[in-house]
Amino acid sequence: MTAPSVNTADLYDELGEDIQSIAIQFQSLGARTHFSGPARTVRCFEDNALLKSVVSGPGEGAVLVVDGGGSLSRALMGDMIAEIAVSNGWSGVIINGAIRDREAISSLPLGVKALGSNPRKSTKTGAGETDVELTLAGVIIKPGAMVYCDPDGVLVER
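Residue numbers here run from 1 along each chain, matching the order of that chain's written sequence. Totals for whole chains, interfaces and linings use all residues, but because this is a predicted model, local features are given only for residues with pLDDT of at least 70 and pairs of side-chain atoms are given and counted only at 80 or more. By convention in this description, side-chain values take in all heavy atoms of the structure and omit both hydrogens and water.

### A look at the overall build of the chain
Here a strand is any run of E in DSSP of at least two residues, a helix any run of H or I of at least four, and the numbering for each starts at the N terminus. Scanning the chain from N- to C-terminus turns up four helices and twelve strands. In summary, the chain has a C-alpha radius of gyration of 14 Å against a globular reference of 15 Å for 158 residues, a match within 12%. Taking the principal axes of its C-alpha atoms as reference, the chain extends roughly 40 × 30 × 25 Å. The buried label goes to any residue with under 20% of its type's maximum accessible area, the exposed label to any with over 50%, and the partly exposed label to all in between, with areas taken from a 1.4 Å probe on protein chains only. Put simply, the chain has 158 residues, and 49% of those count as buried. In the chain, once contacts between residues fewer than 6 apart in sequence are set aside, the share between residues at least 24 apart is 75%. Accessible surface for the chain amounts to roughly 7,200 Å². Of this, 50% is attributable to carbon and sulfur atoms. Radius of gyration means the value over C-alpha atoms here, while the globule rule gives 2.2 Å times the residue count to the 0.38 power. Note on definitions: a residue-residue contact is assigned when non-hydrogen atoms from the two residues lie within 4.5 Å. Areas reported as accessible are Shrake-Rupley estimates using a 1.4 Å probe. Residue values count occlusion only from the protein chains shown.

In structure tokens form, the structure reads like this:
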């Protein structure tokens, strides 16, 4: 099921300081430019085993928020993991880090925001944490908080 499109500028005008805006200038890389849903979270650094494990489960319209520490040295998601996310019903993925296979990902019906791309694969040791509170650019993202994304940016429910 696809959530209705939400224009983040209009939502911010409506809610003001009752909603948080992440000031990171993510690139919009998936075919879905507008996506929203409850947050699921992963914290990992240059290792995508946990990210793959989470998107391999039912997404039920959720948005996976990944704090990759802002690293652009290794990609945390490529086309195969993005295809898994699509097949499992995820609304989108936000990665504070890099992806790879950006041309293939750009054609998938998935919202994807990331800092950029790098063809270098991640490590796969499973290091990291899932379903934890994250802080990106001073914005707190709690598991289950609503996340709204469009080309203007990312808003997170307080």
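### Thoughts on unusual backbone geometry
At Glu46, a position not held by glycine, the phi torsion is positive, near 60°. With respect to the element layout, Glu46 can be found in the loop between strand 3 (35–43) and helix 2 (49–55). Although it is not a glycine, Asp131 adopts a positive phi angle of roughly 50°. Within the element layout of this structure, Asp131 appears in the loop between strand 8 (129–130) and strand 9 (134–136).

### What about helix 1 (residues 8–15)?
Two N or O atoms count as a polar contact when they lie within 3.5 Å, although within protein this holds only if one can serve as hydrogen donor and the other as acceptor, and sequence-adjacent residues are included solely when both atoms are side-chain atoms. Sitting at the head of helix 1, Asn7 places a side-chain oxygen 2.9 Å from the backbone nitrogen of Ala9. Positive phi shows up at Gly16, right after helix 1, with a value of about 55°.

### Considerations on the nonpolar core
Buried residues of nine kinds, namely Ala, Val, Leu, Ile, Met, Phe, Trp, Tyr and Cys, make up a nonpolar core once their side-chain atoms join them within 4.5 Å. By size, the foremost hydrophobic cluster in this structure holds 24 residues, and its most contacted members are Leu51, Leu64, Val66, Met77, Trp90, Ile95 and Ile99. Where this core is concerned, the elements lending two or more residues are helix 2, strand 4 (63–67), strand 5 (75–77), helix 3 (79–87), strand 6 (92–99) and strand 7 (111–117). Of all the elements, helix 2 adds the most residues to this core, at four residues. Filtering out sequence-adjacent residues up to four positions away, Ile95 remains in contact with Phe26, Leu51, Val66, Leu76, Met77, Lys113, Ala114 and Leu115. If you look at the next biggest cluster of nonpolar residues, it comprises 17 residues, including Phe26, Ala39, Val132 and Val154.

### Quick word on the pairing of strand 12 (residues 153–157)
Counting buried positions along strand 12 gives four out of five residues, so the element sits mostly inside the fold. Strands are treated as partners if at least two bridges between them are detected by DSSP. Judged from the four bridges that link them, strand 11 (residues 146–150) and strand 12 form a sheet pairing that is antiparallel. Counterpart to Asp150 in the pairing with strand 12 is Gly153. Turn length for the strand 11-strand 12 hairpin, with the two strands adjacent in sequence and antiparallel, is two residues.

### Remarks on the pattern of salt bridges
Whenever Lys or Arg places a side-chain nitrogen within 4 Å of a carboxyl oxygen from Asp or Glu, that contact is recorded as a salt bridge. Per the stated rule, a full pass over the model turns up four salt bridges. Two residues, Asp131 and Arg40, come together in a salt bridge whose shortest N-O distance is 2.8 Å. Separated by 91 residues along the polypeptide, Asp131 in the loop between strand 8 and strand 9 and Arg40 in strand 3 bring together distant segments of the chain. For Asp131, a relative accessible area of 38% translates into the label partly exposed.

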